[in-house]
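Architecture and fold: a report
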Amino acid sequence: MTPRWRLALACSGWLTWLGQLLPPGFPLRVLVVFGFVLICPGLALTLLLPLREAVVRWVLAVALSVSLAILLNTVLTIASNDSLPLRLAVLATITTVAAVAAPLDAARGAMAAPGKADP
């Protein structure tokens, strides 16, 4: 994935978070939040995994995104916190950290000497 796409992925959550300024139930707001929650957190996390097939990456991205959303909603519901901005901020933070960490992980792997295994 090119650096521009990683930057767009890292910023996507915060742009979605700003989408809260739109009126509740507005179709654009619903589509943006749904699209972000369905794809972006999982896609950012799959960048950290050594996957070769694009189909595997996309299927895993959707599965991870849905799982993260359900886990986060469960934890915040148990904590009696019904804040949508908090839920989006947590998902945006996970997305940003994973998208920024992916190039660092790749650079670390490239610095290892070829033919030598990590201890």
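Coordinates for the structure precede this section.
Residues numbered from 1 in each chain as written. Predicted model: local features only at pLDDT ≥ 70, side-chain atom pairs only at ≥ 80, totals over all residues. Heavy atoms only, no water.

Moving on, we come to helix H2 (residues 27-46). In this model H2 runs 29 Å from its N-terminal to its C-terminal C-alpha over 20 residues, within 8% of the 28 Å that 1.5 Å per residue would give. The largest bend in H2 amounts to roughly 35 degrees and is located at Phe 36. Of all the positions in H2, only Arg 29, Val 33, Phe 36, Val 37, Cys 40, Pro 41, Gly 42, Leu 43, Ala 44 and Thr 46 are classed as buried. (Helix = DSSP H or I, 4+ residues; strand = E, 2+ residues; numbered from the N terminus. Expected span 1.5 Å × (residues − 1). Bend = angle between axes of the 7 residues up to and from the residue. Buried < 20%, exposed > 50% of the residue type's maximum accessible area, 1.4 Å probe, protein only.)

Another aspect to go through is the packing of helix H1 (residues 3-18) against H2. The contact between H1 and H2 brings their axes to 10 Å, and the two run at 150 degrees. As judged from the angle between their axes, H1 and H2 are roughly antiparallel. Between H1 and H2 lies a crossing of left-handed hand. Residue-level contacts link Leu 9, Ser 12, Gly 13 and Thr 16 of H1 to Val 32, Val 33, Phe 36, Cys 40, Leu 43 and Ala 44 of H2. Taken together, the residues of the contact of H1 with H2 sort by class into 7 nonpolar, 3 polar and no charged. (Axes fitted to C-alpha atoms, helices over the stretch in contact; angles between N-to-C directions. Parallel < 35°, antiparallel > 145°, perpendicular 65-115°, else oblique. Left-handed = near helix turned anticlockwise from the far one by under 90°. Contact = heavy atoms within 4.5 Å. Nonpolar A, V, L, I, M, F, W, Y, C, P; charged D, E, K, R; others polar.)

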